[in-house]
Amino acid sequence: MMAGGGLKKYLPPVFAAGFLALYLGPAMAAPGDEENGEAIYAKRCLQCHGEDGDGLGPAAERLNPPPRDFTFGLYKFKSTPFDEDLPNDGDLLRMVRDGMPGTAMPGWSGLLNEQDMWDVIAYIKTFAELEGEPETQVDYGAQVATSAESIAAGKTLFHADDRCSECHGAEGKGDAIKKLKNDNGDRTWPRNLTKPWTFRASNDPKDVFNRITAGIPTTQMPSFADPKSKKKLSIEERWHVANYVTSLAKTEKVVRPANTVIQAARLEGEIPSSPEDPAWDAAPPSTFFMVPQIVGETRFFTAANDTLSVRALYNGDKIGLHLEWDDRTKSIPGDPKALSIADEDLTEDAVAVQFPVTLPAGMEKPYFLMGDAAKPVNLWRWSGGTTEEAESVAMIDAMGIAEQQMRDAGGLTAKSSYKAGTWRVVMTRPLITGAADQDLQFEEGRFIPIAFFAWDGSNGEAGSHHAMTTWYWLLLKPSASARPIIAAIAVTLLLGAILIWWGRSARTRAP
Amino acid sequence: MRIPKLLQAVLVLAGVYFGFIVVFDVILEAVIPSSLLVMYMFFVTAGVFMVFTYDEEGTRELVAPIKALVEDPSKRVWRNIVFVIVPLAAGAGTYVQMQPSFEAPLELRTIHPAPPTTAKIYGKRVNLLKLENPFRKLEKEDPEQFRELVEEGAAVYIQNCQYCHGDKLDGNGPYAAGLNPTPLNFQDVGTIAQLQESYLFWRIATGGPGLPKEAAPWISSMPVWQNFLKEDEIWKTILFLYDYTGHSPRTWGNE
């Protein structure tokens, strides 16, 4: 699941440091009133966590991850050691108060006061008859401040014996080829460590230290403080790894809500056709959230892709779009490795860019979800290919989800690369095709509506089951002109002359 | 000491300007579009000018420093400085203004458009003026059954609506940030608390595509729920929306 509301909860490090003191210490629990807790639970929590606390509320099947089953009494994000089942009450308070980014679990601080939260915590503990206080606490030793050396040491430990990379992948994007399950048998995915806003707790080193030390109970993420573990780490080593994980944050992939315009710069030469061409780095990326397609028939609630970064360039006759998104799985039907980790039927990974067929004169656009009968859209759809067939690109005319017609791709081309958990796809098309009745004709300086769809073939995504965005804008930035500077000089001279004339005439009139 | 009138006027304008920015950017967390800001500031400047030049005395006081600057021989150095800076500043302003804008076009849409009097819902023509929630009367007649219906509505909501409108009904569901326009906040006093149940029924059943043009139906991600839910499920969800937020629906009686 993506991090919609979660992004807001993702605190910039400066603030995080201030809050740390609040939530990481073994917080003292205020005595909770179970009866009041039960009433709050019935109104606010039962829908997801279930009447009996078993996580089987009515929405369970549509949520990924599913709501926590409280009957085991195990909690994922705790600050007590791996061999101590009990969490600190403060850990629970934090999750209830601040919520868990990237999941459906919201932060309740706006609706519940702190005493209410203590009460409901006292109540959920009764599902597993949890009583008493944890007897041991995590030993933090002396925190190692982050530094280039510490990060380098952490990087080595992260990869040594495939310690973390075994699951989290070579670059931390959670793309290692391993099928993981939680204690209830549900599929789980290792976190993409380059997207800290999807962390349920946070990517502050102290939080990461806790995860490495205690593991993540109920999942396969183990403790690296367990003396029985072959991959055990000392306290100091755990700080190094934590500092390294924190350094992985890919900040250029953070969604900036104010950035709704993809600016295409004009190039003199050719549009780089390879997605790995460094020339693309010159174009600033715009990153958008993708949300599951839960609007049209048939709906899909658990899409895997959560963000997409777009760059654009154009020259005298072509437009080029560079799409980049993290996908843990390279889904190539027929490939045994891909088959072994796929959740359901393995289909091709795919991405599509949507444009209106004609640029709207006013603000009236086609329906954002693949157009409508009155206003059709073009979909430029790239598919990743199978062991038998190479990757391909299709031009689709759509008038709604159910009304799609594939036709000759014309001058549309696409080329992809998949590296360390990231797809990069470059699509190009001539600016003008000469068929204005069916193709969008690109114009410099106009705001062009653009939207995106993505399919993860290892997550059973095909047809109307995919992730999507709503409309954004593409702008072919006009090349610089001399007009502003000429106007500026004219205004300066004119105003200067007026002022001098005014001063003169006023003084001659003055007594 | 009194603040000179001219400085007063400048201070008022600056105050309003930063006030707008604070209210929009910080409190409403939405960057104010510059075209809107220019328009607001134009009216504010005109207003301030009118107030300050209300009587002759005021006018004289307001222009006195300007007059002195232009006419007083002892202010010569200042005059020259101002006469150079002002044209240069205007030139720079022109340069900045003339740069092509990369700001997204402003799209104004009506959030609560007037509903039609009749609408085709579930294949039937319904008169929205007469439509009532068939379960509302149970609130008094059979509170126990009413509770059950609210709970059934809660289940429909959590299975279908929370992704966007949020488990807390605050419009901040896990996918809200990826949608533009953003899902509405039902806790707010400006949404369902102002609306009749028939309005909600129409909005929920026909979704974004059912909106009239002024509400830009092509961008709303609100699904067409008559495709997914049964009629009574929508009515129960409406009961839940009011029950959870503590708002009451608007009725013809309290119009």
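Keep in mind that this is a model prediction, so the values were computed, not measured.

## What about the overall build of chain A?
Step number 1: Broken down by element type, chain A carries 11 helices and 16 strands.
Step number 2: By principal-axis analysis of the C-alpha atoms, chain A measures approximately 85 × 85 × 50 Å.
Step number 3: By the burial criterion, 55% of the 511 residues in chain A qualify as buried.
Step number 4: Contacts spanning at least 24 positions in sequence make up 67% of the contacts within chain A whose residues lie at least 6 apart.

## Looking at the domain arrangement of chain B
Step number 1: One can read the domain layout of chain B as domain 1 (5-98) and domain 2 (118-245).
Step number 2: For domain 1 of chain B and domain 2 of chain B, the distance between their C-alpha centroids amounts to 48 Å.

## A few points about the side chain of R299(A)
Step number 1: Counting through the fold element by element, R299(A) comes out in the loop between β5 (291-292) and β6 (307-314).
Step number 2: As a buried residue without a salt bridge, R299(A) has its nearest oppositely charged side chain in E297(A), at a separation of 6.6 Å.
Step number 3: A distance of 2.9 Å separates the side chain of R299(A) from the side chain of N160(B), its partner in a polar contact.
Step number 4: Every residue in contact with R299(A), bar those within four places of it in the chain, is listed here: R62(A), Q293(A), I294(A), H465(A), N160(B), W225(B) and F228(B).

## Digging into the interface of chain B and chain A
Step number 1: In this complex, chain B contributes 55 residues to the contact, which on the side of chain A involves 62 residues.
Step number 2: In this assembly, chain B packs against chain A so that about 5200 Å² is buried in total across both faces, 68% of it on carbon and sulfur atoms.
Step number 3: When the buried surface of chain B facing chain A is broken down by residue, F102(B), Y175(B) and W218(B) rank first, second and third, together holding 15% of it.
Step number 4: Counting across the chain B and chain A interface gives two salt bridges.
Step number 5: The residue E107(B) makes a salt bridge to K365(A) at a minimum N-O spacing of 3.1 Å.

## Notes on the side chain of R311(A)
All names here are of chain A.
Step number 1: On the secondary structure map, R311 appears in strand β6.
Step number 2: According to the relative accessible area criterion, R311 is buried, its value standing at 10%.
Step number 3: Of note is the side chain of R311, whose polar atom sits 3.0 Å from the backbone oxygen of A283.

## A closer look at the confidence of the model for chain B
If pLDDT is low for a region, its predicted coordinates should not be looked at in detail.
Step number 1: Looking at chain B as a whole, its pLDDT mean stands at 90, while 97% of the residues score no less than 70.
Step number 2: Among the prediction metrics, the complex's ipTM stands at 0.87, with pTM recorded as 0.86.

## What about the pattern of salt bridges?
Residues and elements named next belong to chain A.
Step number 1: Across all of its chains, the model carries 30 salt bridges over all chains by this definition.
Step number 2: A salt bridge links D207 to R94; the nearest nitrogen and oxygen atoms lie 2.8 Å apart. Of this pair, D207 sits in helix α8 (residues 205-214) while R94 sits in helix α4 (residues 89-98), and the two are 113 residues apart along the sequence. Each member of the pair, D207 together with R94, is buried.
Step number 3: One salt bridge connects K375 with E364, and the closest N-O pair in it is separated by 3.5 Å. Remark: E364 occurs in the loop between β8 (350-356) and β9 (377-383) and K375 occurs in the loop between β8 and β9; sequence separation between them is 11 residues.

## Considerations on the packing of aromatic side chains
A ring pair, where both rings are aromatic, is described by two values, the distance of the centres and the angle of the planes.
Residue and element names in this part refer to chain A.
Step number 1: All chains considered together, the criterion is met by 30 aromatic pairs over all chains.
Step number 2: Ring geometry for Y140 against F209: centres 5.5 Å apart, planes inclined by 40°, an arrangement best described as tilted. With a gap of 69 residues between them, Y140 in the loop between α5 (114-126) and α6 (148-159) and F209 in helix α8 connect regions that are remote in the sequence. The two residues Y140 and F209 agree in class, both being buried.

## Observations regarding a nonpolar patch on the surface
Step number 1: Taken together, the side chains of I485(A), I486(A), I489(A), L493(A), Y95(B) and V96(B) define a hydrophobic patch exposed on the protein surface, amounting to about 600 Å² of accessible area.
Step number 2: Looking at the nonpolar patch, the elements that each hand over two or more residues are α11 (483-509) of chain A together with α4 (76-98) of chain B.
Step number 3: By residue number, the principal contributor to the nonpolar patch is α11(A), which donates four residues.
Step number 4: Turning to its location among the elements, I489(A) is positioned in helix α11.

What counts and what doesn't
- Residues numbered from 1 in each chain as written.
- Chains lettered and ligands numbered in written order.
- Predicted model: local features only at pLDDT ≥ 70, side-chain atom pairs only at ≥ 80, totals over all residues.
- Heavy atoms only, no water.
- Helix = DSSP H or I, 4+ residues; strand = E, 2+ residues; numbered from the N terminus.
- Buried < 20%, exposed > 50% of the residue type's maximum accessible area, 1.4 Å probe, protein only.
- Contact = heavy atoms within 4.5 Å.
- Domains from an automatic or database assignment.
- Lys, Arg positive; Asp, Glu negative; His and termini not counted.
- Salt bridge = Lys/Arg side-chain N within 4 Å of Asp/Glu carboxyl O.
- Polar contact = N/O pair within 3.5 Å; in protein donor to acceptor, adjacent residues only side chain to side chain.
- Buried area = accessible area lost by both parts, 1.4 Å probe.
- pLDDT = per-residue confidence, 0-100.
- Phe/Tyr/Trp six-rings, centres within 6.5 Å; stacked < 30°, edge-to-face > 60°.
- Patch = residues over 30% accessible without salt bridge, like charges linked within 9 Å, V, L, I, M, F, W, Y side chains within 5 Å.
- Areas by Shrake-Rupley, 256 points an atom, 1.4 Å probe, with all protein chains shown as cover.

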